[in-house]
Amino acid sequence: MRHQYHPLGFEGSRIAQGFWRCLEWGMSPAERLGFIEACLDLGVTTFDHADIYGKYQCESLFGEALALKPALRDKMEIVTKCGVLLPAERRPEIGLHRYDYRSKHIIESVDASLAALQCDYIDTLLLHRPSPLLDADEVAQTLDHLFTLGKVKHFGVSNFSAAQFDLLQSRLDAPLVVNQVELSPLALEHFKDGTLEHAQQHAVTPMAWSPFAGGAVFSGVDDKAERIRSVLQAIANNRNVTMDQVVIAWLLRHPSGICPVMGSGKIERLERAVDATRLLLSDDDWFRIWIASQGHPVP
């Protein structure tokens, strides 16, 4: 029997807020709740997690805050990931950093995420990284089971190539709605390897992790980073905006519908990103950044 999946695919905000570094923010539960509410007030309703973030602690920090005001759950989309095993103090049974996509592990990971996040369902579950041992048939059956139970509404992947994506999709009734990959002016790989064309072909939303290349866009000292920064600063000065807004606008300008995932716990950074959704770069400015990253003119 084929189950009825939602036909609209990824339903989320244009900008997502990530909680990868939530443990480092040093916020109390009430402060975390205030941050979540401020995100929602800005129209940022998509919150990005993974079971391993903060060495298996960040989901719980989010859930602890959400428990202070559970009604907020209906106003957000929670994305989380599974499949990576990370040795950590909280997981002493894990001896080796590796991947696990056996049915038992996926189900246990989802149940642990639901308990940590203190909610009844996950909006979108992503397989965190491709594994050479991923059995697409077993994974598909497991995801279908999770959907039938109402524990997960949508599915996607992270860091998958087009071929890896297609293999899993060929076994699934559910449409994969997201591929979260590294995208930034310093990281052009997925602009050039067919990933974004594949996303457009299959109506998949590319979510961009590390849109500022871990801060290297602003602080990198190599020639490539310096070239990019010089162009970003010139455009920012000309448009009376900030460099980070130019980076976000550059990603948003791409026709694949990239959803940047912000990682800072500072609400002003998110405010600037939201403002950047109204900043339209010219083709000239877009290609100036592209050329600075490439280090040579287009052919």
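Further up the page is the structure itself.
Residues numbered from 1 in each chain as written. Predicted model: local features only at pLDDT ≥ 70, side-chain atom pairs only at ≥ 80, totals over all residues. Heavy atoms only, no water.

Colleague: Would you mind showing me how to read a nonpolar patch on the surface here?
Modeller: A cluster of nonpolar side chains, namely Phe-287, Ile-291 and Val-298, defines an oily patch on the protein surface of about 230 Å² accessible area. Counting through the fold element by element, Val-298 comes out in the segment after helix H13 (283-294). Val-298 sits in the partly exposed class, given a relative accessible area of 42%. (Patch = residues over 30% accessible without salt bridge, like charges linked within 9 Å, V, L, I, M, F, W, Y side chains within 5 Å. Areas by Shrake-Rupley, 256 points an atom, 1.4 Å probe, with all protein chains shown as cover. Salt bridge = Lys/Arg side-chain N within 4 Å of Asp/Glu carboxyl O. Helix = DSSP H or I, 4+ residues; strand = E, 2+ residues; numbered from the N terminus. Buried < 20%, exposed > 50% of the residue type's maximum accessible area, 1.4 Å probe, protein only.)

Colleague: How do you make sense of the sheet that holds strand E10 (residues 259-262) when you look at a structure like this?
Modeller: Neighbouring strands of a sheet are bound in pairs by backbone hydrogen bonds; such pairs are parallel or else antiparallel. Taken together, the 8 strands give a closed barrel; going around it, the order is E1-E2-E3-E6-E7-E8-E9-E10, and neighbouring strands pair in parallel fashion. Taking each pair of neighbouring strands and ignoring which way they run, the sheet shows an average axis angle of 30 degrees. When strand E8 (residues 176-182) meets strand E9 (residues 205-209), the two strands line up parallel, connected through 5 bridges. In the strand pairing of E9, Val-178 is matched with Thr-205. Contacting strand E6 (122-127) and strand E7 (152-158), helix H5 (residues 136-148) runs over the sheet at an angle of about 150 degrees to E7. (Pairing = 2+ DSSP bridges. Axes fitted to C-alpha atoms, helices over the stretch in contact; angles between N-to-C directions. Contact = heavy atoms within 4.5 Å.)

Colleague: Help me understand the pattern of salt bridges, please; the structure alone is not making it clear to me.
Modeller: Once their charged atoms are close, side chains differing in charge can pair, the charge on each being opposite to the other. In the structure shown here, the tally under the stated rule is 14 salt bridges. Of the charged contacts in the structure, one is a salt bridge between Arg-91 and Glu-93, with a shortest N-O distance of 2.5 Å. Classification of Glu-93 by relative accessible area gives exposed; the value is 54%. Residues Arg-253 and Asp-283 are paired through a salt bridge, measuring 2.2 Å at the closest nitrogen-oxygen approach. Of this pair, Arg-253 sits in the loop between helix H11 (243-252) and E10 while Asp-283 sits in helix H13, and the two are 30 residues apart along the sequence. What makes Asp-283 partly exposed here is its relative accessible area of 44%. The network of salt bridges with common partners includes Asp-244, Arg-269 and Arg-272.

Colleague: Even after reading the chapter, I still don't get H13, so can you show me in this structure?
Modeller: Two residues of an α-helix separated by three or four positions point the same way, owing to the 3.6 residues in each turn. Here H13 is 12 residues long and its end C-alpha atoms lie 16 Å apart, about the 16 Å a rise of 1.5 Å per residue gives. Turning to H13, its buried residues are Asp-285, Trp-286, Ile-289, Trp-290, Ala-292 and Ser-293. The arc that holds the buried residues of H13, viewed along the axis, is 160 degrees, so those residues lie on one side. Looking one or two residues beyond H13, the residue adopting positive phi is Gly-295, at roughly 85 degrees. (Expected span 1.5 Å × (residues − 1). Arc of directions from axis to C-beta.)

Colleague: Can you help me understand the pairing of strand E3 (residues 77-82) in this one?
Modeller: Taken across its 6 residues, E3 has 6 buried, putting it largely inside the fold. Of the two faces of E3, both are covered, the one formed by Glu-77, Val-79 and Lys-81 as well as the one formed by Ile-78, Thr-80 and Cys-82. The pairing of E3 with E6 spans 4 bridges and is parallel. Pairing of Lys-81 across the sheet is with Leu-126, part of E6.

Colleague: Please clarify how H11 should be interpreted in this entry.
Modeller: Within H11, 10 of the 10 residues are buried, which leaves the element mostly enclosed by the surrounding structure. Those residues of H11 that fall on the buried side of the exposure criterion are Met-243, Asp-244, Gln-245, Val-246, Val-247, Ile-248, Ala-249, Trp-250, Leu-251 and Leu-252. Buried residues along H11 sit against helix H7 (189-192), helix H9 (216-219), helix H10 (223-239), E10, helix H12 (267-276) and H13.

Colleague: Please clarify how the side chain of Asp-285 should be interpreted in this entry.
Modeller: For Asp-285, the location among the structural elements is in helix H13. Here Asp-285 falls in the buried class, since its relative accessible area comes to 10%. A polar contact of 2.6 Å, which involves the side chain of Asp-285, links it to the side chain of Arg-288. (Polar contact = N/O pair within 3.5 Å; in protein donor to acceptor, adjacent residues only side chain to side chain.)

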